Structures are given as C-alpha cells and as structure tokens.
Amino acid sequence: MRSPFRRRSATDLSPPAKLGAFLILLAWAFIVLFPIYWLFVTSFKTAYDVDKGPFYIPFVDFQPTLSAWRYILFDLGNDTIRPYVNTVIVGLSSSVIALIVGSLAAYALVRFTYRPRVGIVGLFIGSFALATIAAIAGAPPSIAFLSGLAVFLILAQTVGRRFVRAFGNSDIAFWLISQRILPPIAVAVPLYVLFQQVHLLDNIAALILTYVATNLPIVVWLMRDYFASLPRELEESAAVDGASVYRIVRSIVLPISVPGLVATFLIVLIFAWNEFLIALVLTSANAQTMPLQVAAQNATRGPQWWAMSVLIIIMITPVVVMAVALERFITRGILVGALKG
Amino acid sequence: MSRYRMVAAAIIPILVLTACNSSASPSPSSPAASTPAASTSASAPAAAASQGTKFKGANVNILTFNGPQVAEPLQRRAPDWAKLTGGHVNVVAVGFQTIYDKALLDASTGTNSFDGYVFDPQWMGDFVTPGYLLDLTDREKNDPQLNQQDIVPFFRDYNSVYNGKNYTIPLDGDFHMVYYRSDLLTKDGLKPPATWDDYLTIAQKYNGKDLNGDGQPDYGSCIAKKKGAQSYWWIISVAAGLLQGKGTSDGAFFDTSNMNPLFGKNDAMTLALQTYAKTATFGPPDELNMDVGGSRGLFTTGRCALTMDWGDIGTLTPGTYAQDKTGATITPGWKQVLDRASGKLVPCDATTCPDAVDGVNYAPFGSFGGWSGAINAKAPKANQDAAYDFLSYMSAPAQSGIDVTLGKTGFNPYRTSHFTNTAPWLAAGLSQAATDNYLGAIKTSLDNKNFVLDLRIPQTKQYEQDVLDTAIAQYLAKELDEAGTEQAIADGWNAITDQAGKDKQLAAYVASLGIKK
Amino acid sequence: MATDTLGAWRSDGAARWLFIWPAVVLILALSLFPLVASVALSVSKLVFNPGSVDLDFIGFFNYQELLFGREKSHFLGVLKSPTAIGWAILIGTIALAAIAWVRAARSGRVSPVGLALRLVGGIVLAGFVWLLVQTLASEGGRPGSLVVTLIFVFGGILLQLTLGLGLAMLAVQLVPWRRFFRILFLIPLTITPVGVGYMFLMMTDTSKGPFEPLWVALGLRNFTWVTDPWLARLAVIIGDTWQWTPFVFIVLLAALESLDQEVREAALVDGASRWQSFRHITMPALLPVTTTIVLIRIIEGFKIIDMPNILLGGGPGTATQSMTLQAYIDWNTLNLGRSAAIAYLLLILVSVVATVYVSFVRRRVTELA
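Reference entry: report on the structure contained in this document.

1. Here's the deal with the overall build of chain C
On a plain count of helices and strands, chain C comes out with 16 helices and 4 strands. Taken over the C-alpha atoms alone, chain C extends approximately 70 × 65 × 55 Å along its principal axes. Out of the 369 residues in chain C, the part that is buried amounts to 56%. In chain C, 69% of the contacts between residues at least 6 apart in sequence involve partners at least 24 apart. In the structure as shown, chain C presents an accessible area of about 15,100 Å², 69% of it carried by carbon and sulfur atoms. Looking at chain C, you have 26 positive and 20 negative side-chain charges, and the mean spots of the two groups are 6 Å apart.

2. Some points on helix H11 (residues 292-300) of chain B
The periodicity of an α-helix, 3.6 residues per turn, causes residues three or four positions apart to be oriented the same way. Residue and element names in this part refer to chain B. Extensive coverage of H11 is indicated by the burial of 8 of its 9 residues. Turning to H11, its buried residues number three or more, namely Val-292, Gly-294, Ser-295, Arg-296, Gly-297, Leu-298, Phe-299 and Thr-300. Of the residues flanking the end of H11, it is Gly-302, one or two places downstream, whose phi is positive at about 85°.

3. Notes on the packing of helix H9 (residues 232-243) of chain B against helix H18 (residues 460-476) of chain B
Residues and elements named next belong to chain B. Relative to each other, H9 and H18 sit at 75°, their axes nearing to 9 Å. Put simply, H9 runs roughly perpendicular to H18. Here H9 contributes Tyr-232, Trp-233, Ile-235 and Ile-236 to the contact with H18, which in turn contributes Glu-464, Gln-465, Leu-468, Asp-469 and Ile-472.

4. Some points on unusual backbone geometry
Phi at B:Asp324 is positive, roughly 60°, even though this residue is not glycine. As for its position among the elements, B:Asp324 is in the loop between helix H12 (312-316) and strand S10 (326-330). Under the relative-accessibility criterion, B:Asp324 is labelled partly exposed at 49%. Phi at C:Leu334 takes a positive value of approximately 60°, unusual for a residue other than glycine.

5. Let's talk about the side chain of A:Asn86
Residue and element names in this part refer to chain A. You can see Asn-86 is positioned in helix H4 (residues 78-111). For Asn-86, a relative accessible area of 7% translates into the label buried. Among all residues touching Asn-86, those that are not within four sequence positions of it are Gly-91, Ile-204, Asn-286, Ala-287, Gln-288 and Thr-289.

Analysis parameters
Counting starts from 1 at the beginning of each chain's written sequence and moves along it residue by residue. The order in which chains are written sets their letters, starting at A; the order in which ligands are written sets their numbers, starting at 1. Local features in a predicted model are, by the rule used here, given only for residues with pLDDT of at least 70; side-chain atom pairs are given and counted only at 80 or more, and totals for whole chains, interfaces and linings are based on all residues. Processing note: side-chain calculations cover all non-hydrogen atoms of the structure and skip hydrogens and water entirely. Secondary structure counts use DSSP, requiring at least four H or I residues in a row for a helix and at least two E residues in a row for a strand, with both numbered from the N terminus. For each residue, the accessible area found with a 1.4 Å probe, counting protein chains only, is set against the maximum for its type, and the residue is called buried under 20%, exposed over 50%, and partly exposed in between. Note on contacts: a residue pair qualifies if any of its non-hydrogen atoms lie within 4.5 Å across the two residues. Note on areas: Shrake-Rupley with a 1.4 Å probe; residue coverage comes only from the protein chains shown. Counted as positive: Lys and Arg. Counted as negative: Asp and Glu, with His and the chain ends omitted from the count. Charge positions are represented by NZ for Lys, CZ for Arg, CG for Asp and CD for Glu. Working convention: axes come from line fits to C-alpha atoms, limited for helices to the stretch in contact. Angles between N-to-C directions cover 0 to 180 degrees. The labels follow the angle: roughly parallel below 35 degrees, roughly antiparallel above 145, roughly perpendicular from 65 to 115, and oblique for the rest.

Written as structure tokens, this is what we have:
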C-alpha cells in the first residue's frame, strides 16, 4: 500500500514535511471541532445536566434527551420556521445580488478609468446634508430632499465646475470600503426611520436592501484583487478580435474568476446570514431572522444553553452544506482547465 | 450642460406639486396628534358578551419578551381567549434587551404596530410622560374579570400607578428574596438571616464545606454579579434597608426634596458596598461573571448555602437536589438607617424606622416591578378593548393562579388568592412545608410597609443600566474604591438629571412614589 | 492600483456606467442618510414629547464628555504619568518618526502637501503613543475603550493573519484529507457572532465548561480568568481569532489556488529552495490580497462587540469594553446622542488608520505586484 504521504510530483513536499503539515492541520481541526462538538452535546442535555458540570459523552456520562430539539422544532414550531425561512431568503438573495452588482463594479474599477470631480461630489454631499438637516428640523422629507436635489443640479453647473481636481478609481474604492467603518448601531435608528417612511418596516425587502448595501464594499474589494491578478493578455486579445466588453466578461473573465467569486459569495452569504443588529431594529414579528432567535435564548434569567445549541446547529447546517458543495470550485483543477483550454 | 437644465426644469414642478400635497396631509415626522381615546369614560366590558364573538375579527399585536418565560403563558392562553371572545392575539416576542427600544421607537415614530405591551412597569416614566400609554384606572376598577381588589396593595396601588392613574395590569410579582438551605440551617440550629451581617456570618460558616455530598467544597453565598446582565439590582436590595426607612413613599434612590442621589457619598452606601463585596468572598471564583442562570443552577444543584433571587427559585427546585431543602425569607435588613441630612448612619428606632420588625428595618425591593400589561394609547379603539380584555384575562385569578406556580412562565405571585389557594402549588411539585414556607416569605415581604419601588422616572435605564451597573462592576473589579464608586454614581446620576431637567425629574420621582387616591 | 484601459473598449461607453452605477446608487441611497442623521444625533439629545420626538441641539457636549469630561475615564482611560519604560517607548517613537520625516523632507521626492500631511500624521501617532503609554505603561493607569479596542484589533489581526496564512499554505499542499480540512476550517465563520460568543462563554466556564477537569487536575480549582483584566482580554482575542481566522484562510486559499503554478514549478525544478520560491514568487503574488484582507479585518475589527459583550459584559469593570460596546450600552439605554458620538469618534479614528494604511502600505505593495 502506497504511503499517503508520498511525494506526488517533483514540486511536492517531502514525506516528512507532509506528515508535519498533516499533523498541524489535524491540530487546528481539533481546535475547530471541539467547541462544535460541545455545542452538539449540549443540545441533548437538560438544564439540570448543564448546571451539574461537564458531561462529555452521551449515554456514557449522561442521559441524552431530545427535549431541547423538541422545544425548538415543535413547541416553538412556527417561531422557528418563519425566521429560518426568512434567513434563507434574505441571505441567498442579498448575497447573489451583491455578488453580481459588486463584481461588475469591481471589474469596472479595474479596467475603466473614472474621474469624478471633487467639486461635484462635495456639492452633492453638501446639498444632501442640508436636506437631511432640514428634514430632521421638521420640514416634510419629500420637499427637503427634492429641494436639495434641485440645489445640487443648479449649482453643479457653476460652482461644481470650478474645481477641476478629480478623484480616481482608488478613491472610489476607498469610499466604498469606508462605508463599513461606521458601526451598525450608529445607523440602526436612522435606517429605522428611513424604512418607516417608505413603509418597509418588518419586511424582508428592507433587510435584503440593507444587506446588499452593506456587503457590496466587501465584494468590490475582494473581487478587485482577483480581477487585477488576472492576466490581461486574454482580454486584450479578445478585445482586439472585436469582442464587446459584455462578451469578454461573460466568456473569459467569469470562468477564470470562479474561485474568487465562490469564496466571496460564501463570505457575503455568511455575513448576511448571521447579521444581528440591523435585523433586530428593522424587524418585529414577520421578518425576524435566526440570529435574533439565538440571542433571544438569553432569557432574562440566564442563557438557555441547550436551546441555543440547537438553534446554532440548525443555523449553520445549510451554510456548511453549501460550503461543502461549493468548495471544489475553489480548487485549482477548474482553473487550469480554463487557462489551457 | 443642457442636461442639467432639463432635469432642473423637471424638478421644479414636482417640488410645487409635492408642496401642495404636503400641506394637505400631515407630514410623517410629526404624527397627527390624535387625541388619546377618552379612556376615562370607557365602560366596563359588557358582562353579558356573547360567547366567542365579543371581539370577533380583532387582531391584537402584543409586544413582549421572547422567554420562553413571559411569552409562554401568553402564547399558551391566547387560543383559549380566542375561543372565548373570537379575537386573535399575535404575540410578538423579542429579546429582553430590546423590548424597551422597540416599544419606544414604535410609539414615538408613530408606527404603532403594537396594540399592547407586556413589559417592565419601571419604564412607565418614559412611556407615560409622552402619552404613549392608555389610562386604565376606570377600566380596572370596574372589571369583574380582573378582580382588582384581589391584587396585593403594593402591585395594585403603587406598581401599576403613575401620577395617580393606573397604566398597567399586573401579570407578575417581582421582588427579591433570600433563599437558604433549610436542611443545613435546621441541623445547625440557625435561624434564617435577619440582617445582612447575619447573612455574612452564615455564608462564612458554610463556605468551603461540602454541602451536597459530592466531595467538592461548595460556597456560602451565590449572588450573580455579571456586568451587563441583571446584577445591578442586587446592590439596591443590599442598600435599600439602609436608605429607605419611612415607607414606600420615602423612596430609596433620591432625596424627595432636592433630587440628591442617595446612592452617593454617604456612610450607608459605603457600608452597603463593602457588604456586597464581602458576599463575593464567600462565593464561587467566577461569581463576577455569573448571571442569574448560573447562581440559580448552583443553588439547585446544592452548591450554595445562601442565594438572593426573584421568586423563581421556589418553583425551580422540584426535581433537583435542593427540593425540600430550600427555605425562603424576606430580604435581610439593617439595624441602622441613613440620616439623609448628615449622611451618617443612625440606629433604628420608632422615629427613624417606623416599620421595623424586631428592631430590623426590612426593605424588600420590588426589583423590576413584575411583567405587566399596558395598552398603546394610539391603537384603534377596538384593538385597545380587545387587548385590554386579553390582558385582564391573563391576570384573572383563575388563569394567573395556575401560571404563578409554574416555573416556566416566569410569573410570580401577586394576588391574595395566590397565597390562599395552595392546591396548584402542590400540583406543581412543592411539598406542603415548602409551599407554606415559600408563600409565607412572599406574604411577609408584600405585607411590609417599607417595600421599595424600583426607579420609575424618565431615563431610568440610564440611571440603572448604564451608570449604576458600570460603577458597581468597576467597584467589584477593584477599578474604583468605595469613595470613587459613590462619586461615579452620584456624578452620573446628577448628569442625567441635569440633562433631563432637574425639576422635571424631581416631579416625576415624587409622582412615581405617590399613592392612588 | 494600476488600472488599465484599452483603446478597444473606450467605445463601449455604456458599459462604463452600467457596471459602476448600480453599486454607487445603492450605497449612496442607504448610507448617506444614516451618516448625516447620526451626526445630527450626536450633537443633540432625544426628547420624547407627547405626539413627537424632538432633537434638542446641545452642541459638542457629548464629544466633550467623552474626551475631557465625565466619560473620559471610560473612553480614553485613566491617564497617569508613565514609568521609565513608558517614557522610553514614547521618546523612541517620537525620535523614529522625526527621523523618518526628516528623511522624507531631504529626499526631495515628497511634495510640500505630502510633508505637511506626514507632519500631522507624526503628531497624531505621537499622541496615540502618549495615550497608550499613559494608560498601559504607567502607575495606576487604566486603558479606556479606545485603547482596549486597539489592543483587540492589533492583537487579533496579528494572530489571525499568521494562522490564516499558515493554514492556507498547508491546505494547498497535497496532504491527505485536505478537502475535509478545507471545509472544516470554514465552520467557525459560519456561526453567527452572537452564537460564537455564547459558545465561548460555555467553553470557558471554569465550573461547568469542558475544561473543568483540566483546571482541577492542575490544582486551579479556584482559578478564574474573569477577574483578571488581561486574561479577560486574552479570552476575547482568542475567541475573536477562532472566529475570524477562517475568513483570512478562505480568501488566501482561493488566492493561492488561483496562482499560476508554472512559474513556481519551473523555479523549483531549476533548483530554487522552497523558501526562495515562497519569498520571491508566492509572497509577492499574495501581497495585494493579503493587504486587502488586513484592511478589511482592521475595519471590521474596530467594530468588535459581540465577543466582549457576551463573554464578560465588558468586564471585569471596564477591562474588555470596546468602543462599540460602550456605544451599544448607551444605545440600549436610549442615550442615542452619546452612542452616535462614540460611533463618530470611531469613524474618525478608523478612517485615519485606514487612510494611512492604504497610502503607505497598500500602494507600495500593489506597485510591487
């Protein structure tokens, strides 16, 4: 039987190095798995078991019980299913939309040149800020913002044009990522007011919109690097041959960037799946998502570990399944085929 | 370019149109001031309502805590009520941390998606002043289903009253008691602690001994002290007996004449802080990060001789090691009390502590106040009536009598009938002796005229959850000493008071302590 | 970043706008209003009146409270005079910064504006080190939420980068079970941060947690980490690292997988050592992605809240209270003004850090690539 640690090619590691690598990976796997295992085991305990002290192995240390599972899945029934469905819909749709919109923007930032003028940008922000302050001070919002828009348009032709200095692509990119700096609590109440004005409170549409907006910067920044590292020759030769941008993107860029796209999709999906604070503020009965249920297990009289463990397990299962299914797209094989083919 | 001009030209007519429309309809930022329904003249629910159709078609949204406690009994009994009245209750349960924010945001922005709330009556200061809650005084007085006279005076006349009017329906009676291992104390011929010095003595005696026969040393006292949880209420229980001596209207938080924080630089506070810190020396090593679930768990598995808690331990012991080994007693008091003028401690006598029992000034603390139902003043009248009826149904002796015996509801006794009828308690698994002892302790506490009302003025959360909690946590972590802690609390409270307007806050404080005529 | 446009594409004018505007509009729509509204909140106080909510303008009162007034000890910390080591660090930093500035000035390659900016940057850096030294390397000093957040961010990133890169490099090799490892290592990231917080609370419980027999065996029965400020901070960093290393891992893994292997193979066949091939081929190719990851982790890391909040509530005392946690406590008690003020100070701080990072580190690195 051939050793699993044998050298498979000239550039592969030597067997002892491989063994070392394997052991290190195994150690980290244990570090990752043990808390999950503990979570799993706790979901089968009663409150009393949890309080009595650590029990490790079901049937050996303690009597496992399905009471927590029954409670979450049946007693709470609809109160678990509804947030679950919401999380799935909101997570998937916001990630897909963010991925598409963000990747296109990232590609544009890498291949096109933009030069928005400082004057125009400053004027826009200024007019908008004035409109907001007017709205807060009591003016009807629609009038305030339309007036702001009008002011901007009128002044843009005169004052805005004076300042010739322009921003560049990297400034746009920095502006995008700087959106993530402000902690969600600062924007939670203003967002609440915003969605209240358009009657979208307690509606998953509000969540989807917000998550797309908050996760776009991540998509743009991650995909920017992937696109930038792609060899330009392929696109150049296709352009010279007369292919349009759309064609190039679809037939050449897209297949090569699959690893990056999949990795980014998973990350953004996870961010949207697990987001807590915005969901807390924007939803109440109908649009609740799973993270709220997890946090809610912290009863006023102490966390209910057993119920919480069940919730966490059912929450991570679809994401893990998706990661398993998509993992192979992050591998080398497909890439090599695309380049050589 | 001309592009801009075109767009600008298009905007102007739109602006004009919008301006015309806005003047017609009220703008959302200042919701139309609909006069609160003339609640004071609301008639009592018709006694002869036909079965199953009184509130047919009504869909009531009640905001409450996603427990499982508190939400559980509401969700369990909603179908029964629906059968009786035809109305549908939608229990919107959210995490504890956010009920306050959600309710306030919902009411203040005019969203009004909730018809009623089951929440903390302590927040009344923030909800009643802007007019968000419906006045329920006459409804409750004339409601046979509610049976208002059955409710114990403290919860009826103080806790649900603000500025002389009833705004909430009690569903739960929250206050602190001390629990002890009755088997240990009986064996050693000790009486339950009457003062906090007794508490410390007993704690010291049992600390480090094996109290549940598993070979491991256990603890004398377990009091949850985690920051950012519910721990800030315990210090109030320790200090109250020193700060309030002349009855509920005396108040335990501020001086009623000048809004001076009582939780400030005085000898009473110093003594209370030192006592509180001492209990930690007889407790588990990670007590500073333990919340109530932890201390409860330790007590029920027999690892603590003493603990302080709401009423829950009584109903949680069946099926655990501590079953039939648990006794409850009124929160320990003090034999001295604070003289507010001098800031010094004076002994307890007939003038300084008129309600003292055997020379000890007890001050049972109605911490949190007990989950109560309230009605949104801006909800449609039909929904208000339906919501009120549902909450009154929940509070009625028939239903609440059973709910308070069940640990899973999170509801504790608050009606006289809860004490006189012992059958449900026995059915829940308590022995007769345990029931008598538990109910006896509750009754003793509720009968005490020096019962302490939790702080119920505007910004109460900032006073307690922000300033007090942080200062106490810093004290326990030895970041501040007693003087520094007292200064921090006093400065913090004064800053909040000043920012909200000292006169307003003083008036609110005095009003919150007043008794209903 | 070198952006290249090709003549052949200039004619596709529509694509230029079509690709970028959806993203810009979406973000503008949902971020501009909250941004401005938060500023308004931070300079006002909320008053609930019958029928409306009013914002009363109070000027910079909240900021003043945080930086100079009553909340200073919570935000900046308790500032005491530094020990000898503290002075040494401070003087050393100032000296190094001064030397760097003089060198830049002498080189003649930096514009006057650039020099002015660097001077400001140097002063800001000195200010920060002064704050750090006064709170951490002094007698009786205590760090406030600003310093605690800095500790979390930089300590965490260091660990996460090391672990993430190391694991990605190993997982790319042809070792047995590698698919299993790669999927498994993703899992911590998939758990909602609140859930991870509670999980770690369970794990680190010294009486009920799984390590209890270990503590007892080591004679640490009465040991607890919750009362020691530094152990508490370490616990938060460990939890944070466990959770976020997968993020670094997955992005670097995808980057490694996208690398062109031919150059590397050729070099190895030609006799280069593994270290040389890593240093001169793999690392430069990975640098752009790595700097992006670090930037994202810096920005995200400054917002840390769930781990310290759930593990310790910000305790013991205020030892693990991050800025966002302090803002959250204020938010929860409906002190929206001060909460917004803290958030804005955070915004300013992180913007400065991010700008410096992008200008100096990232630009150099991507030019190398």
